[in-house]
Amino acid sequence: MIPAAIFSFLVGAVLAWGFRVWIIVPISLLAVTAAATIELTQGGSFASAIGHALLVGVLPQLGYGFGLFARHMLVVLRAPLADRSRSASVAVLFRRRSSS
């Protein structure tokens, strides 16, 4: 289940670069359903299946948060040094990105 958890985290991080937060709902539900089904078909107990499903379902959300943080840090590092004052707020950087 560790590879599935890592994959789930990375999927969440990648989705942060191109989608809004609502994409996490279907991805998390799909991950929970798949993890529970796989665990039950492999002969695991119901409690074990629910535990693994919740773990795999939470990790895309954590990955999405990590992806947002990484994207924000890259925007901050790309900003010119003179703009790192009040004028380099998230709203100003977002307007620059949206207009180009």
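Everything below is about the structure printed above this text.
So, a few notes on the structure that sits alongside this text.

Parameters at a glance
Residues numbered from 1 in each chain as written. Predicted model: local features only at pLDDT ≥ 70, side-chain atom pairs only at ≥ 80, totals over all residues. Heavy atoms only, no water. Helix = DSSP H or I, 4+ residues; strand = E, 2+ residues; numbered from the N terminus. Buried < 20%, exposed > 50% of the residue type's maximum accessible area, 1.4 Å probe, protein only. Contact = heavy atoms within 4.5 Å. Areas by Shrake-Rupley, 256 points an atom, 1.4 Å probe, with all protein chains shown as cover. Core = buried A, V, L, I, M, F, W, Y, C linked by side-chain atoms within 4.5 Å. Phe/Tyr/Trp six-rings, centres within 6.5 Å; stacked < 30°, edge-to-face > 60°.

## What about the overall build of the protein chain?
Scanning the protein chain for helices and strands turns up four helices and zero strands. The order of helices and strands in the protein chain, counted from the N terminus, is α-α-α-α. Here the protein chain holds 100 residues, and 23% of them are scored as buried. Pairs at least 24 residues apart make up 69% of the contacts formed inside the protein chain by residues separated by at least 6 positions. Working note: accessible area of the protein chain is about 7,000 Å², and carbon and sulfur atoms make up 74% of it.

## A short note on the nonpolar core
With five residues, the main nonpolar core is built from Ala31, Ala35, Ala36, Ala53 and Val56. At the level of elements, helix H2 (24-41) and helix H3 (46-78) are the ones that each hand at least two residues to this core. A per-element tally of this core places H2 first, with three residues. Dropping the residues within four chain positions of it, Ala31 is found in contact with Val56 and Gly57.

## Let's talk about the packing of aromatic side chains
If you walk through the whole model with that rule in mind, you get one aromatic pair. Relative to Phe66, the ring of Phe9 has its centre 5.8 Å away and its plane inclined at 40 degrees; by these criteria the two rings are tilted. Here Phe9 is found in helix H1 (residues 2-18), whereas its partner Phe66 is found in helix H3, with 57 residues between them in sequence. Overall, the relative accessible area of 27% leaves Phe9 in the partly exposed class. By relative accessible area, which is 45% here, Phe66 ends up partly exposed.

Read these as geometric descriptors, not functional statements.
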